[in-house]
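# Examining the three-dimensional arrangement
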Amino acid sequence: MPAERQLPQYQSHKKVWALKIKELGHTGSPDQESDGSLMMVPHNAAFAPINLDAKFVRKHSPQVGGYWVQYDGGYTSFSPAGAFEEGYSLITK
């Protein structure tokens, strides 16, 4: 059996825009069936809640305490807090 080789290792040097998630809630009224989208309330009260569409929710499974992340070019994703905080440092408020 061949010896296992370690995969190439990379270090991030990207700049991203991100908000820590304080709350996630269903959109619409309580008597309406959910379409799978969620309303994200950021920890930073200077920013309005953001609607996360059902496709985003299915793909990324966002969780309270993690980060909603936007990359250059507009792509958005979710990152768990530990992974995000180990990989990124705040450069602007």
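Structure report, in brief. Worth saying up front: this structure is predicted, and the values here are computed from it rather than measured. (Residues numbered from 1 in each chain as written. Predicted model: local features only at pLDDT ≥ 70, side-chain atom pairs only at ≥ 80, totals over all residues. Heavy atoms only, no water.)

### With respect to the layout of surface pockets
Filter applied, for reference: Throughout, the protein atoms alone are placed on a 1 Å grid, and a set of points is a cavity if a 1.4 Å probe fits but cannot get out or a pocket if it is open with protein on both sides within 12 Å along at least five of seven lines; lining residues have an atom within 4 Å of a point. Grid points are joined across faces, edges and corners, and a volume is the space filled by probe spheres set on the points. Only DSSP runs of H or I reaching four residues or more are called helices, and only runs of E reaching two or more are called strands; each is numbered from the N terminus. Residues are sorted three ways: Asp, Glu, Lys and Arg are charged, Ala, Val, Leu, Ile, Met, Phe, Trp, Tyr, Cys and Pro are nonpolar, and all the rest, Gly among them, are polar.
The space that makes up the largest pocket amounts to roughly 730 Å³. Contributions of two or more residues to the lining of the largest pocket are made by β1 (17–26), β4 (67–70) and α2 (81–87). Here the lining of the largest pocket gets 4 residues from one element, more than from any other, and that element is β1. Residues belonging to the lining of the largest pocket are distributed by class as follows: 11 nonpolar, 5 polar and 5 charged.

### Thoughts on the side chain of S77
Heads up, the condition is: Each residue is placed in one exposure class: buried if its accessible area under a 1.4 Å probe, protein chains only, is under 20% of its type's maximum, exposed if it is over 50%, and partly exposed if it falls in between. Residue contacts are defined here by distance: any two heavy atoms, one from each residue, within 4.5 Å place the two residues in contact.
Note on placement: S77 falls in strand β5 (residues 76–79). Residue S77 is classed as buried on the basis of its relative accessible area, which comes to 7%. In contact with S77, other than residues within four places in its own chain, are F56, H60, Y67, W68, V69 and Y71.

### Topic: the nonpolar core
For the record, the criterion: Nonpolar cores were defined as sets of buried Ala, Val, Leu, Ile, Met, Phe, Trp, Tyr and Cys residues, with membership established by side-chain atoms within 4.5 Å.
Counting 9 residues, the largest nonpolar core is built from L19, I21, L38, M40, L52, F56, V57, W68 and F78. Looking at this core, the elements that each hand over two or more residues are β1, β2 (38–42) and α1 (54–60). Not counting the four nearest positions on each side in its chain, F78 is found in contact with I21, F56, H60, S61, P62, Q63, G66 and Y67.

### Describing the packing of aromatic side chains
For clarity, the cut-off: The pairing test for Phe, Tyr and Trp rings, Trp by its six-membered ring, is centres within 6.5 Å, and the orientation test on the planes gives stacked under 30 degrees, edge-to-face over 60, and tilted for anything in between.
Throughout the structure, instances matching the rule amount to 3 aromatic pairs. Between Y71 and Y75, the aromatic rings sit 6.0 Å apart at their centres with planes inclined by 35°, giving tilted as the arrangement. Judged by centre distance (4.8 Å) and plane angle (25°), the ring pair of F84 and Y88 falls under stacked. One aromatic cluster is present, formed by Y67, F84 and Y88 through successive ring pairs.

### As for the environment of S89
The residue S89 is located in the segment after α2 in this model. For S89, a relative accessible area of 64% translates into the label exposed. Through-space distance from the C-alpha of S89 to that of Y67 is 13 Å; in sequence the pair is 22 residues apart.

### Side note on the pairing of β1
Put simply, the test is: For two strands to be treated as a pair, DSSP must find at least two bridges joining them.
Bridge count for β1 against β4 is 4 bridges, and the pairing is antiparallel. Within β4, the position partnered with K20 by the bridge is Y67. In this structure, β1 lies alongside β2, joined through 5 bridges in antiparallel fashion. What sits directly across from G25, in β2, is M39.

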